[in-house]
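# Remarks on the overall topology
Residue strings, one per chain:
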Amino acid sequence: MSLIDNLREDARRAPVSGIEAVANYGRERKGLIPLWAGESDKPTPDFISAAAKRGLDAGETFYTWQGGIPELRQSLARYHERHFGLKFSPDEFLVTIGGMQAIVLALEATAGAGDEAIYLEPAWPNFAGAAGVAGATPVPVGLTEGANGWYCDIDRVEAAVTPRTKVIFVNTPSNPTGWTADIETLKALLDLARRHGLWIIADEIYALFHYNGQRAPSFMDIMEPEDRILFVNTFSKNWAMTGWRIGWMKTHPSLERTFENLIQYSSSGVAQFLQRGAIAALDEGDDFLAAQIAQAKASRDLICRRLAETGRVRFSVPPGAFYLFFKVDGMTDSTKAAFEIVDKALVGLAPGVAFGQAGEGYLRLCFHRKLDDVEEAADRLAKWIGGL
């Protein structure tokens, strides 16, 4: 028996990322345009980095508040009040090591061995992976792509509920499809959760990357204070801070102590000087964020137009997030295609199957980059498609 055989089965079954496999294959290619990861090509803006440096220079390198320094939790309350038009208390927010830790904490609190966790597929694979590691069974429910874009069939979600179901994970706007739930869909999902006594883990990290001129609908617009909803979020996307690994949760204030305890037994908190940068992002970053959204919209429009001109690409224009999830006529093996595109087109894309079996036959492209890069990538992809 090998060492690995002595590990927990749930750990051994943790899936390998299909995105990582293609990225590792192509990341050293000279001249490659990497559109496989969900991040901007911009470094973190100076006003955020400078705030973190001031904290570091001031010696903020000691243990700190488990749930986040008070100033950051106050900033989170102000940020939500600006963008969601409601009043929030600082004790509704807890600071985490990125959005991923927020998801893990939410799972630890709601689902474990013998439980089931429903999620909507195609999906960013980390929720299902984390649920499996926690001992829960991830249960995918497929979104449907229709003539008017992707949509969620509530009857299919309800059909997946069993006595073992504890939680529904809802990511809207969605990675990878850009699907964005309208308010009626959110109401239906919330009603379903209430009737079955389920928790909702709401991943709304792309709420402001919504291209109709206003933020995306949110469970915050319709929920009651006692509804079983945990919100997970991150600083990564809005303010070009993917490498900082800092995020947050929004919970009912009565859950504050429980989640602080869970933070204590996992990370014991986020470095204080990093939290200073996060405060600057929230309090001073709205203009930067607005510029990011405008650029992403322009890039979306460009890539959609150029790929549509090939006559061989099918997709739904994403109303939110910053990904294009598309099919190429005659392509069935998305992993093989992604590797071939690295070799022949010098463009890095994520294979659709990395987002679940419902994603096979698709490719995901992150268009959150400067227009010149997106335009060049479109030219290369069009040439590759023309050679099929």
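You'll find the structure just up there.
The text that follows walks through the structure, step by step, so that each part is easy to find. (Residues numbered from 1 in each chain as written. Predicted model: local features only at pLDDT ≥ 70, side-chain atom pairs only at ≥ 80, totals over all residues. Heavy atoms only, no water.)

## Notes on the side chain of threonine 110
Quick note on the threshold: Only runs of H or I of at least four residues qualify as helices and only runs of E of at least two qualify as strands under DSSP, and these elements are numbered from the N terminus. For this analysis, a polar contact is any N or O atom pair within 3.5 Å, provided that within protein one partner can donate a hydrogen and the other can accept it, and provided that sequence-adjacent residues contribute only side-chain to side-chain pairs. Contacts are residue-level and defined by heavy atoms, with any inter-residue pair within 4.5 Å sufficient.
Mapped onto the fold, threonine 110 is located in helix 5 (residues 98-110). At a separation of 2.8 Å, a polar atom in the side chain of threonine 110 contacts the main-chain carbonyl oxygen of alanine 106. With residues near it in sequence (within four places) discarded, threonine 110 still touches Asp115, Lys166, Val167, Trp199, Ile201 and Leu230.

## Comments concerning the layout of surface pockets
Let me state the cut-off plainly: The rule is simple: put a 1 Å grid over the protein atoms alone, call a set of points where a 1.4 Å probe fits but cannot get out a cavity, call an open set with protein on both sides within 12 Å along at least five of seven lines a pocket, and count a residue as lining if it has an atom within 4 Å of a point. Grid points are joined across faces, edges and corners, and a volume is the space filled by probe spheres set on the points. In this count, Pro and Cys sit with the nonpolar residues alongside Ala, Val, Leu, Ile, Met, Phe, Trp and Tyr, while Asp, Glu, Lys and Arg are called charged and the others, Gly among them, polar.
In this structure, the largest pocket encloses a volume near 820 Å³. If you trace the largest pocket, you find 35 residues lining it, with Ala37, Gly38, Trp124, Lys237 and Arg245 closest to the centre. Taken together, the elements giving at least two residues each to the lining of the largest pocket come down to helix 2 (18-26), helix 5, strand 9 (229-234) and strand 15 (363-366). Along the lines of polarity and charge, the residues of the lining of the largest pocket split into 15 nonpolar, twelve polar and eight charged. What lines the second largest pocket is a set of 22 residues, among which Ala14, Pro15, Pro125, Ala128 and Gly129 lie closest to the centre. For the lining of the second largest pocket, the leading source of residues is helix 6 (residues 126-133), giving five residues.

## Brief notes about the packing of helix 11 (residues 286-308) against helix 13 (residues 371-386)
For any two helices packed against each other, the geometry comes down to the angle between their axes and how far apart the axes lie. Cut-off, in case you're wondering: Angles run from 0 to 180 degrees between N-to-C directions of axes, and those axes are lines fitted to C-alpha atoms, restricted for helices to the stretch in contact. Geometric relationships in this document are graded by angle, where less than 35 degrees denotes roughly parallel, more than 145 denotes roughly antiparallel, 65 to 115 denotes roughly perpendicular, and other angles denote oblique. Handedness of each helix crossing follows the sense of rotation of the near helix against the far helix: counterclockwise by less than a right angle gives left-handed, clockwise gives right-handed.
Taken N-terminus to C-terminus, the directions of helix 11 and helix 13 make an angle of 15°; their axes are 10 Å apart at the nearest point. The angle between helix 11 and helix 13 falls in the class roughly parallel. Here helix 11 runs over helix 13; the crossing is right-handed. Between helix 11 and helix 13, the residues in contact are Ala298, Ser299, Leu302, Ile303, Arg306 and Leu307 and Leu371, Val374, Glu375, Ala378, Asp379, Leu381 and Ile385, respectively. Split by residue class, the contact of helix 11 with helix 13 holds nine nonpolar, one polar and three charged.

## A few points about the environment of alanine 77
Selection criterion: Residue exposure (1.4 Å probe, protein chains only): buried if accessible area is under 20% of the type maximum, exposed if over 50%, otherwise partly exposed.
Relative to the helices and strands, alanine 77 resides in helix 4 (residues 70-84). On the accessibility criterion, alanine 77 (4% relative accessible area) is buried.

## Quick word on the nonpolar core
Just so we agree on the cut-off: Residues enter a nonpolar core if they are buried and are Ala, Val, Leu, Ile, Met, Phe, Trp, Tyr or Cys, with the set joined through side-chain atoms within 4.5 Å.
In terms of nonpolar packing, the biggest core is built from 103 residues, with Leu72, Phe219, Phe235 and Trp239 touching the most fellow members. Here the element with the most residues in this core is helix 11; it accounts for eight residues. Apart from the residues lying within four places of it in its own chain, the contact partners of leucine 72 are Val95, Phe235, Ile246, Gln275, Ala278, Ile279 and Leu282. Judged by nonpolar contacts, the second largest core, of 23 residues, contains Ala123, Ala128, Ala131 and Phe259.

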